[in-house]
Amino acid sequence: MVKSLFTGVTGLKSHQQRMDMIGNNIANVNTVGYKTDVMTFADVYYQTKRNPSAPTATLGGINPRQVGYGVKVSSVEANLAQSGYNYTDNKTDIALDGKGFFQVMDGAGNIYYTRAGHFKFDEQGYLVNDDGYHVLGVSGESDGVAASSDIIRAVIPDTDNHVSSATKLVNGTNVTVSVSAPSEYTNMSVAFKNADFPYATYANNILTISFNQDQQFDSEDEFDAEIQKALKAGGVNLPDDVELSISFDSLPDDPYSAAAGNTVDNLKFSTTDSTCRFHISKPSSTGTGKDHAYIDFAVNDNSVTDKVTLKYGNASTGQVAVDYDATDGWEITIYDDTTAADINNKLKEFLALDANSQVPKLNCTGFQIPTGYNNRADAIKALCGTAVTGITSDSTGKQNLFGVPQGIVTGKFDFGVQEKGEFANNYKIQFAKKSGYGNTSAAWEENTLTINICADTTIADVNAAIKKAANGDDKKLITFYDINGLDYGEPTKITELDGSTTYQYGLGFSYNTGTSKWTNRNGQEVTQADVDAAFGASVPTDGTAVSKKDATGAVPDRVVWNVATRDKFFGGNPAVSPMNGKDSFYTKTAKSLSTFNLTDGRLGEEQAMHNFTDYMIQSDGTIIGLHPVYGTMTLGRVDIATFDNPNGLEKVGGTNFRATVASGEAKLAKAGEDGAGAIVPNALEMSNVDLAEEFTNMIATQRGYQANSRVVTVSDTMIEELLSLKR
């Protein structure tokens, strides 16, 4: 009974503490940035009356018997849920949309964290809260500066009579924008903006220079020339006819850009076919594309490399003739009306003559003459290597059966991106197989380029398809110098401004008819012998395709894959990516340029906060001031602190929190980055106290307190009854 008396007392104490917390929450229902406290209870010590035991052969198991002795406060934590905003007219009032806290520092140097963003500038330019605590972040110019816990103070340099100029630390170097001569009219803001074309505007002492900040500048002169081009395009004449210039101090050792590219080889795959194809094409009768005819042969032995020769029987009808020689391979004579069945029947008859024959089991696996060929006889003649007007044949009437041992075939890609810069490092290029002829195509989907390879695709076809898919975007112009298994095709013809012609061949070589010189992919001059050695063939300079055979008839060390091998390799969707593209130092700098505030000191006096015509805090925490001399100035930046365990923070009053070992150290971030919330300007975060919930908790707490008081009362009565037994 005495124990139940003290158990009731623990309930009374715990519920009294909960009532204290509820009262505090309700009292702070209108406190800016206040976070509701939430309390939880837990039971306490238990006395074991009987220990548990396991079952035996004769008795069952026994559960423990325990009696508890009360309740305690388990936790009191702040509910850090986002609250609504109260929008104000104060330009230094800010709220947080998301995680994190503002940083403030008291006079003793202690750093606290708060969601209450009611700030103001004092007479010395410090950003402070209502208690005079300094707001922390970055003071002064914040471009490229990491998040910090420095005291924020708006400092305005005194004006003087020097020539108008401004210097900023951008991309690790000092960048200076200046005018050519002193003038009382050249106090201006020079803003740089990204645009597709160079252009400039000037009004109200604000010069805005727009140009493509992503393009590659490889020298200071190129950079300055772009600015002059923008001024000229906008028709801008600066006051007193001064000229604007930009200069860089302490350049890096390698300020130049580089184009992305890659060479990927040893892409191994297996093929078990020994096939060849006799193929011809002619312009389609519809006026678009081409009509294709072909005859395919295959052997079920992946190591066969025999030849197959087609001969025309010089008649519209006739019996297919078949012969085989171990040296010359197969010789098959066909006629105008020959079909695939005719060829296969004759092959079966030939092979059946000797059941033990070691002759490869050849069969015709494909035979097509589309309706576009009005004269079947011409198609048959052309397939057999006979010249026919209007029909292009990639066959001479003789083809090699392409057979290699399984698992030793390798693919290779060698390519480069035309425009310099690091953007192409994020591209992905994948290949796919497309059936038929004349179906080479390419298409972009976000950052992925898909290239479809068909039966007659050449490297030149791939490059033409990529150019079409780029649709004028130079960043998406990719040149393939080599692709294993594909012929080079006719070189790309480019008409230069001087009227000369440049032919871009495979392997990255180009020939200019005006200079009669060869260059490699890096623009370096090379000789005809160098080019011929690279191709393994005599390379023409008139724009015709590189022949598979050189002038002596020798076959270069290059195999053009047949249809089945293309299907096997490109059907596996191989993929490559550009690498090692690099922006120049000047381009990286251009991307980071913002506003330079030029001054010539025309006022020649000390400047203070009252000299600003306006100021504001942006969503990234940057504090911007508008000054009549310096124009737009960056005064600092309010940075945000986040914690791994924000509920581990300790409340210290004034809506401030203090870091503890439970919360961990603060992680600093710019607003809106690295998980920190964005800043809402001209607003204050309201208290997140829910009165309906608090009143409900108050009722439950009252009933809990009342019930525990009854435990105390009943226990007292029972003790009184016990004492009365002695009477």
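Residues numbered from 1 in each chain as written. Predicted model: local features only at pLDDT ≥ 70, side-chain atom pairs only at ≥ 80, totals over all residues. Heavy atoms only, no water.

Along the backbone of the protein chain there are nine helices and 48 strands. On C-alpha atoms alone, the protein chain measures out to a radius of gyration of 42 Å, which is more than a quarter above the 27 Å that the 2.2 N^0.38 rule sets for 727 residues. Overall, the C-alpha framework of the protein chain stretches about 135 × 110 × 45 Å when taken along its three principal axes. Going through the 727 residues of the protein chain one by one, you find that 42% of them count as buried. Look at the contacts in the protein chain between residues 6 or more apart in sequence, and 64% of them connect residues 24 or more apart. In the protein chain, 59 side chains carry a positive charge and 89 a negative one; their mean positions are 10 Å apart. (Helix = DSSP H or I, 4+ residues; strand = E, 2+ residues; numbered from the N terminus. Rg over C-alpha atoms; globule rule 2.2 N^0.38 Å. Buried < 20%, exposed > 50% of the residue type's maximum accessible area, 1.4 Å probe, protein only. Contact = heavy atoms within 4.5 Å. Lys, Arg positive; Asp, Glu negative; His and termini not counted. Charge placed at Lys NZ, Arg CZ, Asp CG, Glu CD.)

With that out of the way, let us pick up the packing of aromatic side chains. The full count for this structure, using the stated rule, is 35 aromatic pairs. Ring geometry for Phe 102 and Phe 119: centres 5.5 Å apart, planes at 80°, overall edge-to-face. Residue Phe 102 is located in strand 7 (residues 101–105), and its partner Phe 119 is located in the loop between strand 8 (111–114) and strand 9 (120–121); the two are separated by 17 residues in the primary sequence. In this pair, the class of Phe 102 matches that of Phe 119, namely buried. Centroid distance Phe 248 to Phe 585: 5.9 Å. Interplanar angle 75°. Geometry classified as edge-to-face. Here Phe 248, found in strand 18 (residues 244–249), pairs with Phe 585, found in helix 8 (residues 585–592); they are 337 residues apart in sequence, far enough to count as distant. Put simply, the rings of Phe 192, Phe 211, Phe 217, Phe 223, Phe 248, Phe 585, Tyr 586 and Phe 596 touch in pairs and so form one group of aromatic residues. (Phe/Tyr/Trp six-rings, centres within 6.5 Å; stacked < 30°, edge-to-face > 60°.)

Look at helix 5 (residues 459–470): 17 Å from first C-alpha to last across twelve residues, which is about the 16 Å you get at 1.5 Å a residue. Check the buried side of helix 5 and you find it contacts strand 30 (441–445), strand 31 (448–453) and strand 32 (478–483). Once helix 5 ends, the next one or two residues include Asn 471, with phi positive near 55°. (Expected span 1.5 Å × (residues − 1).)

Moving on, we come to the nonpolar core. Residues Phe 431, Ile 451 and Phe 480 are the most contacted members of the largest nonpolar core, which totals 42 residues. In contact with Ile 451, not counting residues within four places along its chain, are Ile 429, Gln 430, Phe 431, Ala 432, Ser 441, Ala 442, Val 462, Ile 466 and Phe 480. Within the second largest apolar cluster, 34 residues are counted, among which are Ile 334, Leu 351, Ala 377 and Leu 401. (Core = buried A, V, L, I, M, F, W, Y, C linked by side-chain atoms within 4.5 Å.)

Now for the sheet that holds strand 27 (residues 398–400). Two modes of strand pairing occur in sheets, parallel and antiparallel, and in both the strands are linked by backbone hydrogen bonds. Spatial ordering of the open sheet is given by 23-24-22-27, a layout of four strands whose pairing is mixed. A single partner strand is all that each edge strand has here, and the edge strands are strand 23 (321–325) and strand 27. Going from strand to strand, the sheet's axes swing by 15° on average, the running direction of each strand aside. In the sheet, strand 23 pairs with strand 24 (residues 329–334) via five bridges, with the strands oriented antiparallel. Across the sheet, Tyr 324 pairs through a bridge with Trp 330, a residue of strand 24. (Pairing = 2+ DSSP bridges. Axes fitted to C-alpha atoms, helices over the stretch in contact; angles between N-to-C directions.)

This part takes up the environment of Gly 100. Residue placement: Gly 100 occurs in the loop between strand 6 (94–97) and strand 7. Owing to a relative accessible area of 9%, Gly 100 belongs among the buried residues under this scheme. Separated by 20 residues in sequence, Gly 100 and Leu 80 place their C-alpha atoms 9.8 Å apart. Apart from residues lying up to four places away in sequence, Gly 100 is in contact with Arg 115, Ile 640, Ala 641 and Thr 642.

On to the sheet that holds strand 14 (residues 173–179). Strand order across the open sheet formed by three strands is 13-14-18, with antiparallel pairing between neighbours. At either margin of the open sheet sits one strand with a lone partner, and together these are strand 13 (165–170) and strand 18. Taking the axes of each pair of neighbouring strands and ignoring which way they run, one obtains an average angle of 20° across the sheet. Note that strand 13 and strand 14 share six bridges and pair antiparallel.

The final tally for this structure, using the stated rule, is 20 salt bridges. For Lys 311, the salt bridge goes to Glu 331, with nearest N and O atoms at 3.1 Å. Of this pair, Lys 311 sits in strand 22 (residues 307–312) while Glu 331 sits in strand 24; the two residues are 20 residues apart in sequence, bridging distant segments of the chain. With a relative accessible area of 33%, Glu 331 lands in the partly exposed category. Each of Asp 214, Lys 475, Asp 583 and Lys 591 takes part in salt bridges that share partners, so that together they form one network. (Salt bridge = Lys/Arg side-chain N within 4 Å of Asp/Glu carboxyl O.)

This brings us to unusual backbone geometry. Glycine aside, a negative phi is what most residues show, and trans is what most peptide bonds show. Its identity as a non-glycine residue notwithstanding, Asn 205 has a phi of 65°, on the positive side. Relative to the elements of secondary structure, Asn 205 occurs in the loop between strand 16 (199–203) and strand 17 (206–211). Owing to a relative accessible area of 29%, Asn 205 belongs among the partly exposed residues under this scheme. Look at Asn 314: it is not a glycine, yet its phi comes out positive at around 55°. The residue Asn 314 is located in the loop between strand 22 and strand 23 in this model. Under the relative-accessibility criterion, Asn 314 is labelled exposed at 65%.

For the rest of this paragraph, the subject is helix 4 (residues 376–383). Those residues of helix 4 that fall on the buried side of the exposure criterion are Ala 377, Ala 379, Ile 380, Ala 382 and Leu 383. Taking the backbone nitrogen of Ala 377 as reference, a side-chain oxygen 3.0 Å away marks Asn 375 as the first, capping residue of helix 4. Positioned one or two residues after helix 4, Gly 385 has a phi angle of 90°, which is positive. (Polar contact = N/O pair within 3.5 Å; in protein donor to acceptor, adjacent residues only side chain to side chain.)

What follows is about the packing of helix 1 (residues 2–27) against helix 9 (residues 691–723). Relative to each other, helix 1 and helix 9 sit at 160°, their axes nearing to 8 Å. Judged by the angle between their axes, helix 1 and helix 9 are roughly antiparallel. When the axes of helix 1 and helix 9 are compared, the crossing they make is left-handed. Tallied by class, the residues present in the contact of helix 1 with helix 9 amount to 15 nonpolar, 13 polar and two charged. (Parallel < 35°, antiparallel > 145°, perpendicular 65-115°, else oblique. Left-handed = near helix turned anticlockwise from the far one by under 90°. Nonpolar A, V, L, I, M, F, W, Y, C, P; charged D, E, K, R; others polar.)

Along the chain, Ala 464 falls in helix 5. Residue classification places Ala 464 among the partly exposed residues on the basis of a relative accessible area of 46%. For the pair formed by Ala 464 and Thr 492, sequence separation is 28 residues and the distance between their alpha carbons is 8.0 Å.

Here the focus is the environment of Val 29. Along the chain, Val 29 falls in the loop between helix 1 and strand 1 (37–43). Spatially, the C-alpha atom of Val 29 lies 48 Å from that of Thr 208, the residues being 179 residues apart in sequence. For Val 29, the contacting residues outside a window of four places in its chain are Ser 687, Val 689 and Leu 691.

All quantities given are derived from atomic positions and should not be read as evidence of function.
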